[in-house]
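Structural overview
Given next are the chains, with one letter for each unit.
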Amino acid sequence: GASNSPDPAPLPRNTPPKSKAWKQKPIQVQSADDYLHALKAARGLDGGGGGGRKGEGYGQQMRQRAADVEAAQRREEGAREERGYAVLQRVQNRALQVSSSRSASCEV
């Protein structure tokens, strides 16, 4: 009995800290308006007349980028259609060759 008592004794002393539940400390959160004002101030859109021009420049850049992307997509779509048409032509030519060879072999 004496040899068994020292072994279990350290385990109960170590387990209570491990079994204690972890708790998140409360976090102070600012209102959404505070974040919105900070974002507007960072972009230079918070009221000033000069900030409006900066926002317009960004909008113009985005519109230009969108136009460039759309133009690239139209070019890629045209090329893709041409490749598809070429594949269709090859398949049709092969089908004609196979059907003509089959009809020739049936007639002989």
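Residues numbered from 1 in each chain as written. Predicted model: local features only at pLDDT ≥ 70, side-chain atom pairs only at ≥ 80, totals over all residues. Heavy atoms only, no water.

Now for the overall build of the protein. Secondary structure summary: the protein contains three helices and zero strands in total. Secondary structure elements of the protein occur, N-terminal to C-terminal, as α-α-α. Per-residue burial over the protein gives 2% buried out of 108 residues. As displayed, the protein offers around 10,000 Å² of accessible surface, 56% of which is attributable to carbon and sulfur atoms. (Helix = DSSP H or I, 4+ residues; strand = E, 2+ residues; numbered from the N terminus. Buried < 20%, exposed > 50% of the residue type's maximum accessible area, 1.4 Å probe, protein only. Areas by Shrake-Rupley, 256 points an atom, 1.4 Å probe, with all protein chains shown as cover.)

Residue position: Tyr 58 is located in helix H3 (residues 49-107). What makes Tyr 58 partly exposed here is its relative accessible area of 49%. Measuring from C-alpha to C-alpha, the distance between Tyr 58 and Arg 43 comes to 9.7 Å, with 15 residues separating the pair along the chain.

Attention now moves to helix H2 (residues 32-43). Along an α-helix, residues three or four positions apart point the same way, because every turn accommodates 3.6 residues. Taking 1.5 Å of rise per residue, the twelve residues of H2 would be expected to cover 16 Å, and the 17 Å separating its terminal C-alpha atoms lies within 8% of that figure. One or two steps after H2, the chain reaches Gly 44, where phi turns positive at roughly 75 degrees. (Expected span 1.5 Å × (residues − 1).)

Scored by pLDDT, the protein comes out at a mean of 78, with 68% of its residues at no less than 70. Highest mean pLDDT in the protein belongs to H2 (86); lowest belongs to helix H1 (residues 10-19) (55). Scored below 50 in pLDDT, residues 48-52 shows three contacts in the model against residues more than four places distant or in partner chains. (pLDDT = per-residue confidence, 0-100. Contact = heavy atoms within 4.5 Å.)

Residues Ile 27, Val 29 and Tyr 35 make up a contiguous nonpolar surface patch of roughly 360 Å² in combined accessible area. Checked against the element boundaries, Ile 27 lands in the loop between H1 and H2. Classification of Ile 27 by relative accessible area gives exposed; the value is 60%. (Patch = residues over 30% accessible without salt bridge, like charges linked within 9 Å, V, L, I, M, F, W, Y side chains within 5 Å. Salt bridge = Lys/Arg side-chain N within 4 Å of Asp/Glu carboxyl O.)

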